[in-house]
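# Chain and residue survey
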Amino acid sequence: MVTYLPISSPFIRFASRYVDEAFGMAAGWNFFVFEAAMVPFEITACSMIINYWSDAVPVAAIIVIVLVLFVCVSSSAVVTLAVSPILIRDILDSSTSLRFSGTGKQSSGSP
């Protein structure tokens, strides 16, 4: 269905378009609640795994460390995903213009 109709957030929009508007809204809220609940679940899992090996690190410190890691990874992913298309375009443009200007390996005329 996504190849037939490529739109952003197809999971929710297809539910609204092909089933019902109310079903799409419910699917959106369901997705949000699930994603919002994943952060505390992952923090709890990290805390349980670390406390299984050693009780030297307090649980509050584990929570703070994991939250800081989540924020750092999220912000770096946003920056990376925003900058990478611009860098790829610039690299391709410069390499193409260098190739067309005649730089690089010169051929002798015979294969």
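Residues numbered from 1 in each chain as written. Predicted model: local features only at pLDDT ≥ 70, side-chain atom pairs only at ≥ 80, totals over all residues. Heavy atoms only, no water.

A word on helix α1 (residues 10–18). Within the span of α1, buried status applies to Phe-14, Ala-15 and Ser-16. For α1, the secondary structure elements touched by its buried residues are α2 (21–53). (Buried < 20%, exposed > 50% of the residue type's maximum accessible area, 1.4 Å probe, protein only. Helix = DSSP H or I, 4+ residues; strand = E, 2+ residues; numbered from the N terminus. Contact = heavy atoms within 4.5 Å.)

Next up on the list: the pattern of salt bridges. The full count for this structure, using the stated rule, is 1 salt bridge. The partner of Arg-89 in a salt bridge is Asp-90, with the nearest N and O atoms 3.0 Å apart. Classification of Arg-89 by relative accessible area gives partly exposed; the value is 46%. Overall, the relative accessible area of 36% leaves Asp-90 in the partly exposed class. (Salt bridge = Lys/Arg side-chain N within 4 Å of Asp/Glu carboxyl O.)

Structurally, Ser-47 can be placed in helix α2. For Ser-47, a relative accessible area of 8% corresponds to the buried category. Excluding residues within four positions of it along the chain, Ser-47 makes contact with Val-59 and Ile-62.

With that out of the way, let us pick up the packing of aromatic side chains. Enumeration according to the criterion identifies 3 aromatic pairs in this entry. Centroid distance Phe-11 to Phe-31: 6.3 Å. Interplanar angle 50°. Geometry classified as tilted. With Phe-11 in helix α1 and Phe-31 in helix α2, this pair connects stretches of sequence that are 20 residues apart. Residue classification places Phe-11 among the exposed residues on the basis of a relative accessible area of 58%. (Phe/Tyr/Trp six-rings, centres within 6.5 Å; stacked < 30°, edge-to-face > 60°.)

Along the chain, the position of Val-59 falls in helix α3 (residues 59–100). Residues Val-59 and Cys-46, 13 residues apart in the sequence, show an inter-C-alpha distance of 9.7 Å. Sequence-distant contacts of Val-59, that is, excluding residues within four places in its chain, are made with Ser-47 and Asn-51.

Running from amino to carboxyl end, α2 crosses α3 at an angle of 130°, the nearest separation of the two axes being 10 Å. Our classification of the angle between α2 and α3 gives oblique. Of the two elements, α2 crosses α3, and the hand of that crossing is right-handed. Mapping the contact onto sequence places Val-39, Glu-42, Ile-43, Cys-46, Ser-47, Ile-50 and Asn-51 in α2 and Val-59, Ile-62, Ile-63, Val-66, Leu-67 and Phe-70 in α3. (Axes fitted to C-alpha atoms, helices over the stretch in contact; angles between N-to-C directions. Parallel < 35°, antiparallel > 145°, perpendicular 65-115°, else oblique. Left-handed = near helix turned anticlockwise from the far one by under 90°.)

Our next topic: the confidence of the model for the chain. Here the chain averages 85 in pLDDT, and 93% of its residues register 70 or above. When pLDDT is averaged over each element of the chain, α2 comes out on top at 91 and α3 at the bottom at 85. (pLDDT = per-residue confidence, 0-100.)

Turning our eyes to something else, we now look at the packing of α1 against α2. Orientation of α1 relative to α2, taken along the N-to-C sense of each, is 160°, at an axis distance of 6 Å. By the criterion of interaxial angle, the relationship of α1 to α2 is roughly antiparallel. Crossing of α1 over α2 shows right-handed handedness. Contact residues: Phe-11, Ile-12, Ala-15 and Ser-16 in α1; Glu-21, Phe-23, Gly-24, Met-25, Ala-27 and Gly-28 in α2.

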